[in-house]
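A look at the structure
Residue-level listing of the chains:
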Amino acid sequence: MEEQQKKKPIGFNIVKNDSTSGHGGFGVGALSLENMSPVIVDVTEGTAYVDVGAMHARSAVEKGIKFLTNKEEVPNGKPYWLVWVTIERTAEGAYYAGATACEMTVDREARRGYKLLPEHVNKMDKSLKRHIIVDHMDEASKKILGSFLKSHDEDIWKNSSARLKQDLLTE
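Below, the structure is looked at part by part. (Residues numbered from 1 in each chain as written. Predicted model: local features only at pLDDT ≥ 70, side-chain atom pairs only at ≥ 80, totals over all residues. Heavy atoms only, no water.)

**Side note on the overall build of the chain**
Counting its secondary structure elements, the chain contains four helices and seven strands. From first element to last, N terminus to C terminus, the chain shows the α and β order β-β-β-β-β-β-α-β-α-α-α. Here the chain, with 171 residues, has 37% of them falling under the buried criterion. Taking the intrachain contacts of the chain between residues at least 6 apart in sequence as the baseline, contacts between residues at least 24 apart amount to 63%. (Helix = DSSP H or I, 4+ residues; strand = E, 2+ residues; numbered from the N terminus. Buried < 20%, exposed > 50% of the residue type's maximum accessible area, 1.4 Å probe, protein only. Contact = heavy atoms within 4.5 Å.)

Spelled out as structure tokens, the structure:
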């Protein structure tokens, strides 16, 4: 019996550095997750922090939670925002190029939560493509995020767009 060799399916590749250098063939124009960080905004606690586990839906907030797509099924959920933040580096210095926020609620006691996975994936893509989508966040959460980004790296904040600073209510 002859063994049939199967071609390995093309999966999602994380491409490091400049994908357009070298041969210019496969992978040209692929986006890199190298400069993206997931920031969790805890609305109740008034804090924000980076949790890299969120890249694979495994942040401390998400672990052990069954997520539902109907917000009404999680009436006692604690509110969070997952914000995809992308940093771009230029000759002038690094800046926050993309920031997109996704809503999430978690009822730790019931081990249930609300989030829309397609929204999280689409917002991640938008951040990679240098979009700023934070206008749907509540005012307090915007200020928490703005303060966090500013304190995380003052130079990156200074180099960022006026729109980002305005949208996060810091100017």
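**Some points on the pattern of salt bridges**
Overall, the coordinates contain nine salt bridges when judged by the stated rule. Here Glu88 ties to Arg130 by a salt bridge, and the two come within 2.3 Å at their closest N and O atoms. With Glu88 in strand 4 (residues 78-90) and Arg130 in the loop between helix 1 (117-128) and strand 7 (132-133), the pair connects residues that are 42 residues apart, well separated along the chain. Given the relative accessible area of 37%, Arg130 is considered partly exposed. One salt-bridge network, held together by shared partners, links Asp42, Glu45 and Lys78. (Salt bridge = Lys/Arg side-chain N within 4 Å of Asp/Glu carboxyl O.)

**Quick look at the environment of Val61**
Inspection of the secondary structure assignment puts Val61 in the loop between strand 2 (47-50) and strand 3 (66-68). Once the C-alpha coordinates of Val61 and Asp107 are considered, the two residues, 46 residues apart in sequence, prove to be 9.9 Å apart. Once residues within four sequence positions are removed from consideration, Val61 is found in contact with Ile40, Tyr49, Tyr80, Met104, Val106 and Arg108.

**A closer look at the packing of aromatic side chains**
Tallying each qualifying case throughout the model produces one aromatic pair. Taking NZ or CZ as reference, Lys115 lies 4.6 Å from the ring centre of Phe67, over its face. (Phe/Tyr/Trp six-rings, centres within 6.5 Å; stacked < 30°, edge-to-face > 60°. Lys NZ or Arg CZ within 6 Å of the ring centre and 35° of its normal.)

**Notes on the pairing of strand 4**
Bridge count for strand 1 (residues 36-42) against strand 4 is seven bridges, and the pairing is antiparallel. Directly across from Pro38, in strand 4, lies its bridge partner Trp84. Bridging between strand 4 and strand 5 (residues 93-107) involves 13 bridges; their strand directions are antiparallel. Its bridge partner lying in strand 5, Val83 is registered against Ala101. Here strand 4 folds back onto strand 5 in antiparallel fashion, the turn holding two residues. (Pairing = 2+ DSSP bridges.)

**Observations regarding the environment of Gly113**
Looking at where Gly113 falls in the secondary structure, it is placed in strand 6 (residues 112-114). Between the C-alpha atoms of Gly113 and Glu62, which are 51 residues apart in sequence, the distance is 8.2 Å. Residues contacting Gly113, with those up to four places away along its chain left out, are Ile65, Lys66, Phe67, Leu68, Val74, Thr105 and Val106.

**Comments concerning the nonpolar core**
Val83, Tyr96, Val134, Leu145 and Leu149 are the most contacted members of the largest nonpolar core, which has 22 residues in total. When contributions to this core are tallied by element, the ones reaching two or more residues are strand 1, strand 4, strand 5, helix 2 (139-152) and helix 3 (154-159). Not counting residues up to four positions away in its chain, the partners in contact with Tyr96 are Val85, Thr86, Ile87, Leu149, His152, Asp153, Ile156, Trp157, Ser160 and Leu164. Tyr80, Leu82, Met104 and Met124 belong to the second-largest nonpolar core, a separate cluster that totals 14 residues. (Core = buried A, V, L, I, M, F, W, Y, C linked by side-chain atoms within 4.5 Å.)

On their own, these measurements won't tell you what the molecule is for.
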